[in-house]
Amino acid sequence: MPRFYFHHRSNGQLVKDQRGLRFPNAEQASAYAIRRTSDVLGKTLSSTNNTYLTIEVTNGERSLCVVRGTVIIERR
């Protein structure tokens, strides 16, 4: 089973996935990244700043998918 890596970039700060996870194919790895986006956003969310997140799915050699999420805080 192939190994996939999920590199997170939040507000310009990159966190590389060194271990990765095994999935049968790239489609299932991408689906995992989509499901994880809300969890990762919740962990990086600041109550005062907008939060921008990307999760890049790679096979260790090339990018296969990028999931992007944004939380914009509007004060009135």
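So, a few notes on the structure that sits alongside this text.

What counts as what
Residues numbered from 1 in each chain as written. Predicted model: local features only at pLDDT ≥ 70, side-chain atom pairs only at ≥ 80, totals over all residues. Heavy atoms only, no water. Helix = DSSP H or I, 4+ residues; strand = E, 2+ residues; numbered from the N terminus. Expected span 1.5 Å × (residues − 1). Bend = angle between axes of the 7 residues up to and from the residue. Buried < 20%, exposed > 50% of the residue type's maximum accessible area, 1.4 Å probe, protein only. Contact = heavy atoms within 4.5 Å. Polar contact = N/O pair within 3.5 Å; in protein donor to acceptor, adjacent residues only side chain to side chain. Core = buried A, V, L, I, M, F, W, Y, C linked by side-chain atoms within 4.5 Å.

## A few points about helix H1 (residues 26-44)
Look at H1: 26 Å from first C-alpha to last across 19 residues, which is about the 27 Å you get at 1.5 Å a residue. Considering bend angle alone, the principal kink of H1 is centred on Arg 36 and spans about 40°. Inspection of H1 places Ala 29, Ser 30, Ala 33, Thr 37, Val 40 and Leu 41 among the buried residues, and these make up the whole buried set. Lining the buried residues of H1 we find strand E1 (3-10), strand E4 (51-58) and strand E5 (63-71). One side-chain oxygen at the N-terminal end of H1 lies 3.2 Å from the backbone nitrogen of Glu 27; it belongs to Asn 25.

## Digging into the nonpolar core
The biggest cluster of nonpolar side chains holds 12 residues, and these are Phe 4, Phe 6, Phe 23, Ala 29, Ala 33, Val 40, Leu 41, Leu 53, Ile 55, Val 57, Cys 65 and Val 67. Those elements that place two or more of their residues in this core are E1, H1, E4 and E5. When residues of this core are assigned to their parent elements, the largest contribution, 4 residues, is made by H1. If near-sequence neighbours (up to four positions away) are discounted, Phe 6 is found in contact with Asp 17, Leu 21, Phe 23, Ala 29, Tyr 32, Ala 33, Ile 55, Glu 56 and Val 57.

## Some thoughts on the environment of Arg 68
With respect to the helices and strands, Arg 68 occurs in strand E5. Distance from Arg 68 to Pro 2, taken between C-alpha atoms, is 23 Å for residues 66 residues apart in sequence. The residues touching Arg 68, leaving out its near neighbours within four places in the chain, are Leu 53 and Thr 54.

Honestly, it's all geometry; don't read function into it.
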